Amino acid sequence: MLIAGAGLATWGLARWQSGARFFGVAPPPPMVRQASPAQLVAPPTATVAVNADQAAHIATLEARLAAVENATQRAEGTAGRANALLVAFAARRAIERGVALGYLEPLLAERFGASHERAVATIVTAGRTPQTLDGLV
């Protein structure tokens, strides 16, 4: 009985398009897009006349934009150096305390790995087998 009802519902939705669209099992009918007369005619090309005041204003804006870009690059460099110092001091403190580096290992490798590969490898290796000052004495 259940199979007969499911078959009848499927047959009915296949024949009744608006019902199938209502239940979301049939795609909506394709929309035919017609070009309007305005789209068929090419838009006229307009020439833009820039007077001296506008040109001076544009030059001023470009100069200000260049100054902002330079300041941003300087700030980015300063932030990068501060980040490097923070990672280096945190790693030094962890080694001095005799604890594992943990999350500092990937930061050291990312920040200093390209330029100081051997030093980073030595620090990471030492950090995996930490030694306290009391243990060394």
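Quick caveat: nothing in here was measured; it's all calculated off a predicted structure. (Residues numbered from 1 in each chain as written. Predicted model: local features only at pLDDT ≥ 70, side-chain atom pairs only at ≥ 80, totals over all residues. Heavy atoms only, no water.)

A. Main features of the overall build of the chain. Across its full length, the chain carries 7 helices and 0 strands. When the helices and strands of the chain are listed from N to C terminus, the series reads α-α-α-α-α-α-α. Expressed as a percentage of the 137 residues in the chain, the buried residues total 13%. At a minimum sequence separation of 6, the contacts of the chain that also span at least 24 residues come to 40%. A total accessible area of about 11800 Å² is found for the chain, and carbon and sulfur atoms account for 64% of it. (Helix = DSSP H or I, 4+ residues; strand = E, 2+ residues; numbered from the N terminus. Buried < 20%, exposed > 50% of the residue type's maximum accessible area, 1.4 Å probe, protein only. Contact = heavy atoms within 4.5 Å. Areas by Shrake-Rupley, 256 points an atom, 1.4 Å probe, with all protein chains shown as cover.)

B. Structural context of helix 4 (residues 52-97). Counted at 1.5 Å a residue, the expected span for helix 4 with its 46 residues is 68 Å, and the 67 Å between its end C-alpha atoms agrees. What helix 4 keeps buried is the set Gly80, Ala84, Val87, Ala91 and Ala94. Tucked inside the fold, the buried residues of helix 4 contact helix 5 (104-112). Count one or two residues on from helix 4 and you reach Gly98, which has phi positive near 80°. (Expected span 1.5 Å × (residues − 1).)

C. Quick look at the packing of helix 5 against helix 6 (residues 117-128). Closest axis-to-axis distance for the helix 5/helix 6 pair is 10 Å, and the angle between their directions is 175°. With respect to their mutual orientation, helix 5 and helix 6 come out roughly antiparallel. Seen from helix 5, the contacting residues are Glu105, Leu108, Ala109 and Phe112; seen from helix 6, they are Glu117, Val120, Ile123, Val124 and Arg128. For the contact of helix 5 with helix 6, the per-class residue count stands at 6 nonpolar, no polar and 3 charged. (Axes fitted to C-alpha atoms, helices over the stretch in contact; angles between N-to-C directions. Parallel < 35°, antiparallel > 145°, perpendicular 65-115°, else oblique. Nonpolar A, V, L, I, M, F, W, Y, C, P; charged D, E, K, R; others polar.)

D. Local environment of the nonpolar core. Listed in full, the 10 residues of the largest apolar core are Ala84, Val87, Ala91, Ala94, Leu101, Leu104, Leu108, Phe112, Val120 and Val124. Of all the elements in the fold, those that place two or more residues in this core are helix 4, helix 5 and helix 6. For this core, the element with the most residues is helix 4, which contributes 4 residues. In this view, Phe112 contacts Ala84, Val87, Ala88, Glu117 and Val120; residues no more than four positions away in its chain are not counted. (Core = buried A, V, L, I, M, F, W, Y, C linked by side-chain atoms within 4.5 Å.)

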